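Observations on chain architecture
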Amino acid sequence: MQNKSQAPLIATIIVAFLALAAVIALIVVLTVPREQNDPSENSGFVVTKELEQECQYAAHDLVSQSYEIMRLFVFEGLTHIDEPYGNEPEDGYYTVYTENNNRYTTIEDIESLVKSVYTDKAAEKIMHNIDGNGLEVYKNRKVLVEAEYDSEPESGESRPMYVEAEVLGISAKFIPNLSKRELWADCSIMFIPTSETSCEMKVYLGGIEEGMDLSEFDESLIVELEMIKTGDNWRLTEFVC
């Protein structure tokens, strides 16, 4: 049997500075004694260099993309158009202003992003019950828009001035919460693969300074996550903000 003291478990820290326009990553490799945390001790599972690198890239990308989802569903939300005279929308949703937003114009655009980062179960909760009380932050809504025609009307022809259209809406109940935005925008990730298809992660909000003792890091700023591999892709199993 291999001596535990001579068989270190490699845990990788990704210090990721997350921004909307760019993501910068600094990779730091730490050596953690096997007796402290070794998921392979009783399973025979061995972390290969290939798996370690795959998890490293997946963890970085998923946390970066989850920051964008947090921006949409928690931190900011999409800009909306006010109702006439400042009224509350009858259906509970404002129309999202899409003229300076080419990425999210329908609910399907947002759902596609969410499903590319989270498992189906987690994505369902984000889209339809993010607050635990049935809140759907985004939904397509039907509105009247000015009709557009490719040709001039024939003599005596009657055409409606407005037609019904489906547009992306944001809930009037949505309230931006900026309390953790800056912490998530500068965070560090430690990950440890637990099998070929699962990986435990710890996110250190606010980031880890060089030489910092992790045992002294504020526990309230540590978020535990898990990602699993489904097919060829990795997904986060739970939305945590």
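Check the entry above for the structure.
In what follows, the accompanying structure is described. (Residues numbered from 1 in each chain as written. Predicted model: local features only at pLDDT ≥ 70, side-chain atom pairs only at ≥ 80, totals over all residues. Heavy atoms only, no water.)

Further remarks concern the packing of helix H1 (residues 49-75) against helix H2 (residues 107-117). Between H1 and H2, the shortest axis-to-axis distance is 9 Å and the interhelical angle comes to 145 degrees. Two packed elements cross with a definite hand, and for H1 against H2 that hand is left-handed. Counted together, Leu62, Gln65, Ser66, Glu68, Ile69, Leu72 and Phe73 of H1 and Ile110, Leu113, Val114, Ser116 and Val117 of H2 form the full contact between these two elements. Split into classes, the residues belonging to the contact of H1 with H2 amount to eight nonpolar, three polar and one charged. (Axes fitted to C-alpha atoms, helices over the stretch in contact; angles between N-to-C directions. Helix = DSSP H or I, 4+ residues; strand = E, 2+ residues; numbered from the N terminus. Left-handed = near helix turned anticlockwise from the far one by under 90°. Contact = heavy atoms within 4.5 Å. Nonpolar A, V, L, I, M, F, W, Y, C, P; charged D, E, K, R; others polar.)

Tracing the chain through its elements places glycine 206 in the loop between strand S8 (198-205) and strand S9 (222-230). Classification of glycine 206 by relative accessible area gives partly exposed; the value is 35%. Expressed as a C-alpha distance, the spacing of glycine 206 and isoleucine 222, which sit 16 residues apart in the sequence, is 9.5 Å. If sequence neighbours within four positions are ignored, glycine 206 has contacts with Leu183, Asp186 and Cys187. (Buried < 20%, exposed > 50% of the residue type's maximum accessible area, 1.4 Å probe, protein only.)

For the rest of this paragraph, the subject is the sheet that holds strand S6 (residues 162-171). Read across the sheet, four strands follow the order S3-S4-S6-S5 without closing on themselves; strand pairing throughout is antiparallel. Two strands close off the open sheet at either side, each with one partner strand: strand S3 (80-81) and strand S5 (138-146). The pairing of S3 with strand S4 (residues 93-96) spans two bridges and is classified as antiparallel. Among the inter-strand pairings, histidine 80 is bridged to a residue of S4, identified as valine 96. Strand contacts of H2: S5 and S6, with the helix running at about 160 degrees to S5, the strand carrying the most contacts. (Pairing = 2+ DSSP bridges.)

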